[in-house]
Amino acid sequence: ENGVQEEPITMAVKNGNVYISMNVDDMSAQMIYKAENDTMYMLLDFIKKYCEVPEDMMGGEMNMAAIATDFNLGMTMDVGNFRRVDEINDVSVEETELNGNKVICESYIADDGSEFRYYFDQNDMLVRRDKFSPNGNTDMMLFSQLTTDVDDSLFEIPKGYGYLNISWLLSMAQ
């Protein structure tokens, strides 16, 4: 399917900053979005370098400020009690089944017309989040583990990493 990302990713959001770790073609990739300067960095572990990722390379799908906001909309920071705390519209709650298991589905329509559905298991842990956009796009996120214990160091460029300027490469690609 178009745009399906099935590789597991680790994502952390704290104070508007976003950390994403994933494997792409058997290579580990990490990205850090820093809210303070609205900049995305990619860590290149295999050469211990980092580079800035220009906004136009990120595309519309990777608006980090929006991801941070979207991620926090449904979440007060009590694990297992992830509930939308700001600007609650009408939240509907129903019991349903997911993969043969009974779950609670909480859904609401966001200001932009997107419908969000949060699925909680019998232990009140968030297991899945679906987003249905008005343009027909569907985004599903499965959660295998949730924690509120996020280390600040995740959002820092590791010591000993040098800066790699890729702007020359990007200008050649224009």
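For the structure itself, look to the data block above.
Here is what the cut-offs are and how they apply
Residues numbered from 1 in each chain as written. Predicted model: local features only at pLDDT ≥ 70, side-chain atom pairs only at ≥ 80, totals over all residues. Heavy atoms only, no water. Helix = DSSP H or I, 4+ residues; strand = E, 2+ residues; numbered from the N terminus. Buried < 20%, exposed > 50% of the residue type's maximum accessible area, 1.4 Å probe, protein only. Contact = heavy atoms within 4.5 Å. Patch = residues over 30% accessible without salt bridge, like charges linked within 9 Å, V, L, I, M, F, W, Y side chains within 5 Å. Areas by Shrake-Rupley, 256 points an atom, 1.4 Å probe, with all protein chains shown as cover. Salt bridge = Lys/Arg side-chain N within 4 Å of Asp/Glu carboxyl O. Pairing = 2+ DSSP bridges. Axes fitted to C-alpha atoms, helices over the stretch in contact; angles between N-to-C directions.

Looking at this structure, I do not really get the overall build of the protein chain. What am I missing?
The helix and strand inventory of the protein chain stands at 3 helices and 11 strands. Along the protein chain, helices (α) and strands (β) appear in the sequence β-β-β-β-β-α-α-β-β-β-β-β-β-α when read from the amino end. Considering the protein chain as a whole, with its 174 residues, one finds that 34% of them fall into the buried category. Long-range contacts, defined as pairs at least 24 residues apart, comprise 32% of the intrachain contacts of the protein chain with a sequence gap of at least 6.

Quick question: what am I supposed to make of a nonpolar patch on the surface here?
Side chains of Met27, Phe46 and Ile47 sit close together on the surface and give an oily, nonpolar patch of about 320 Å² of accessible area. With respect to the secondary-structure elements, Phe46 resides in the loop between β4 (39–44) and β5 (49–53). Among the residues examined, Phe46 registers a relative accessible area of 60% and is labelled exposed.

Where do I start with the sheet that holds strand β8 (residues 115–120) in this structure?
In sheet architecture, strand pairing relies on hydrogen bonds along the backbone and comes in two forms, parallel and antiparallel. The sheet built from 5 strands is open, its strands ordered β6-β7-β8-β9-β10 with antiparallel pairing. Edge positions in the sheet fall to β6 (92–98) and β10 (138–142), since each has one partner strand and no second. This sheet shows a mean twist of 20 degrees between the axes of neighbouring strands, independent of strand direction. Both β8 and strand β9 (residues 126–132) contribute to a ladder of 6 bridges, which runs antiparallel. Residue pairing for β9: Tyr118 is matched across the bridge by Arg129.

Please clarify how unusual backbone geometry should be interpreted in this entry.
Apart from glycine, the bulk of residues carry a negative phi angle, and the bulk of peptide bonds sit in the trans form. Its identity as a non-glycine residue notwithstanding, Lys48 has a phi of 50 degrees, on the positive side. Along the polypeptide, Lys48 turns up in the loop between β4 and β5. Taking relative accessible area as the criterion, Lys48 reaches 48% and is therefore assigned partly exposed. Of note, Asp124 is a non-glycine position whose phi angle comes to about 65 degrees, a positive value.

Looking at this structure, how should I read the sheet that holds strand β11 (residues 162–163)?
Ordered by their spatial adjacency, 6 strands build an open sheet running β1-β2-β3-β4-β5-β11, and the pairing between neighbours is mixed. Of all strands in the sheet, those bounded by a partner on one side alone are β1 (9–14) and β11.

Explain the pairing of β6 here, please?
The two faces of a sheet get side chains in turn, since along a regular strand they alternate between them. As judged from the 7 bridges shared by β6 and strand β7 (residues 101–109), these two strands associate in the antiparallel manner. Paired with Val93 across the bridge in β7 is Glu106. Taken together, β6 and the strand that follows it, β7, pair antiparallel across an intervening segment of 2 residues, in which Asn99 is found at a positive phi of about 50 degrees.

What am I meant to see in the environment of Asp38 here?
Mapped onto the elements, Asp38 comes out in the loop between β3 (27–34) and β4. On the accessibility criterion, Asp38 (47% relative accessible area) is partly exposed. Each C-alpha atom of the pair Asp38 and Glu55 lies 9.6 Å from the other, and the pair is 17 residues apart in sequence. When near neighbours in sequence (up to four residues on either side) are disregarded, Asp38 contacts Tyr33 and Glu55.

In this structure, what is going on with the pattern of salt bridges? I would like to understand it.
When charged atoms on two side chains of opposite charge get close, those side chains can pair. Within this structure, the stated rule accounts for 5 salt bridges. Here Arg117 ties to Glu115 by a salt bridge, and the two come within 2.9 Å at their closest N and O atoms. Among the residues examined, Glu115 registers a relative accessible area of 21% and is labelled partly exposed. Among the salt bridges present, the one from Arg128 reaches Asp130, with a minimum N-O distance of 2.8 Å. Comparing Arg128 with Asp130 shows no difference in burial state: the two are buried.

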